[in-house]
Amino acid sequence: MPSTPSPKDVLAAVRKSPGNRVKVAVVDIDGILRGKYVHKDKFASALEGGFGFCDVVYGWDSQDQCYDNTTITGWHKGFPDAVARIDVSTHRNVPWDDGVDFFLGSFVRMRDGREEPLPVDPRQVLLRVLARAEKLGVVPMCSLEFEFFNFAETPQSWAEKKGVGPEPITPGMFGYSLLRANHARDYMKALFAECGAFGVPIEGLHTETGPGVYEAAIIYSEALEAGDRAVLFKESAKEIGARFGIMPSFMAKWSQQYPGCSGHIHQSLSDGKKNLFHDAKGRAGMSRTFESYLAGQLAGLLELAPMFWPTINSYKRLVDGFWAPVKPTWGIDNRTASFRVIPGSAKSTRLETRCPGADVNAYLGLAACLAAGLDGIEKKLKLTATPIHGTNQGAENVPRAPRTLIETTQLFRASDRARDWFGDEFVDHFAATREWEWRQWQDAVTDWELKRYLEII
């Protein structure tokens, strides 16, 4: 990987770029970018001392409704500014925004006169796991791929429709279709080219099964960079799409008729020289390290599930026969399993964790994958589960994943594994935010209820 530039060199590059503004952003608990423009002079001071950002970004939900059940931030603390440190290694220029300089930040706090990571910042959660990986002498290499539907909508048209009947940009079920890709070729070309210019290189982009649905695979990198790229890809797709009158959606399941949208996470471990997952003499080319890593993920999936399935809608995707795996299973190049072992060369052998939806917060999804896998390595777990064949053949006695956010959140809150790897403050805060999300759902009256009950009951 390239070396991180010095703040001095970064500032010099920013000073030379056109205009007088810089774009900075952080990521909230739902994986949504929250950011602002700052003057270059403000940016210069922020490089040294960080910049203030209202901590409400961890005190409200995706609709800007403030939680009433969290302790680390909230009305009871008055939503003060927290300090975000700019990560100079994230420096990019936004091609569709006049080449403005862009940076990601991570939140910190003062504790006993010392600066430490803010434990509820998703990027810091991943960094915490990566610090533990470093102590084990391993470097996680990762990439994400997202399926996402694309609609011929704008924020205004969607508001006028009151959340009903979005219009996909193309009809029918036509995966891997060059014909459908050609229909929106300017949009697809812009996605591929401009994301690449933004430092989010796309390895592959194609239509998926469903009206107006695409899949994008992002080129692999070290884990933190993979998280950055994944978060930025979602934002990029939305900003680029708006130029074409297209609204991309990473919602896990928008229609009962169609498959949901996945957020697959590919992983391997390196010692800096070689892929530690590969052993030509091992089962399916897997090393013992790989087997322990996989055993850890199988053991940890249901405890860490809200980090993969964070919304009410996530669980609508977990339907038998619709591609999304519904049990903690593994298989060799089997796309119906939660964990797909991809045998290959010494370079390409890897694990694909297929259970997350496209609505996953990339930092938290990566943190959960790596924590569970590394936990398996630390504990030298044996891979005793047998691989499935076909569609869950051999998984008859494997428990099915819960179908609701509240059930998985209860498991998460009680998980010693989660508390060990992510810390009590994050576990309690994230669990509280998911409990809040569940309560909002309980209070909602849906169109399903109106159609079912209004006339007849």
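Computed from a predicted structure; not experimentally measured. (Residues numbered from 1 in each chain as written. Predicted model: local features only at pLDDT ≥ 70, side-chain atom pairs only at ≥ 80, totals over all residues. Heavy atoms only, no water.)

A few words on the packing of aromatic side chains. Here the structure, examined in full by the defined rule, presents 29 aromatic pairs. Three or more aromatic residues link up through ring pairs in this structure, and these residues are F146, F148, Y187, Y214, F233, F244 and F250. Positioned over the ring face of F53 is K36, at 5.0 Å from the centre of the ring. Cation over ring: R132 sits above W421, and NZ or CZ is 3.6 Å from the ring centre. (Phe/Tyr/Trp six-rings, centres within 6.5 Å; stacked < 30°, edge-to-face > 60°. Lys NZ or Arg CZ within 6 Å of the ring centre and 35° of its normal.)

On to the side chain of T170. When you line up the elements, T170 lands in the loop between helix 4 (155-160) and helix 5 (178-183). Within the local environment of T170, its side chain forms a polar contact with the backbone nitrogen of G212, the two atoms lying 3.2 Å apart. T170 has contacts with R180, H183, P211 and G212, leaving out every residue within four places of it along the chain. (Helix = DSSP H or I, 4+ residues; strand = E, 2+ residues; numbered from the N terminus. Polar contact = N/O pair within 3.5 Å; in protein donor to acceptor, adjacent residues only side chain to side chain. Contact = heavy atoms within 4.5 Å.)

In this section: the packing of helix 3 (residues 122-135) against helix 9 (residues 362-378). Contact geometry for helix 3 and helix 9: axes closest at 9 Å, N-to-C directions at 20°. In terms of orientation, helix 3 and helix 9 fall into the roughly parallel class. Between helix 3 and helix 9 lies a crossing of left-handed hand. Along its contact with helix 3, which presents P122, R123, V125, L126, V129, L130, R132 and A133, the element helix 9 presents Y363, L364, L366, A367, L370, A371, L374 and E378. Residues that form the contact of helix 3 with helix 9 fall into these classes: 13 nonpolar, no polar and three charged. (Axes fitted to C-alpha atoms, helices over the stretch in contact; angles between N-to-C directions. Parallel < 35°, antiparallel > 145°, perpendicular 65-115°, else oblique. Left-handed = near helix turned anticlockwise from the far one by under 90°. Nonpolar A, V, L, I, M, F, W, Y, C, P; charged D, E, K, R; others polar.)

Further remarks concern the pairing of strand 14 (residues 339-342). Of the two faces of strand 14, the one carrying F339 and V341 and the one carrying R340 and I342 are both buried. As paired strands, strand 13 (residues 330-332) and strand 14 are joined by three bridges and run parallel to one another. Within strand 14, the residue paired with G331 across the bridge is R340. Pairing of strand 14 with strand 15 (residues 350-353) involves four bridges; the strand directions are antiparallel. Directly across from R340, in strand 15, lies its bridge partner E352. (Buried < 20%, exposed > 50% of the residue type's maximum accessible area, 1.4 Å probe, protein only. Pairing = 2+ DSSP bridges.)

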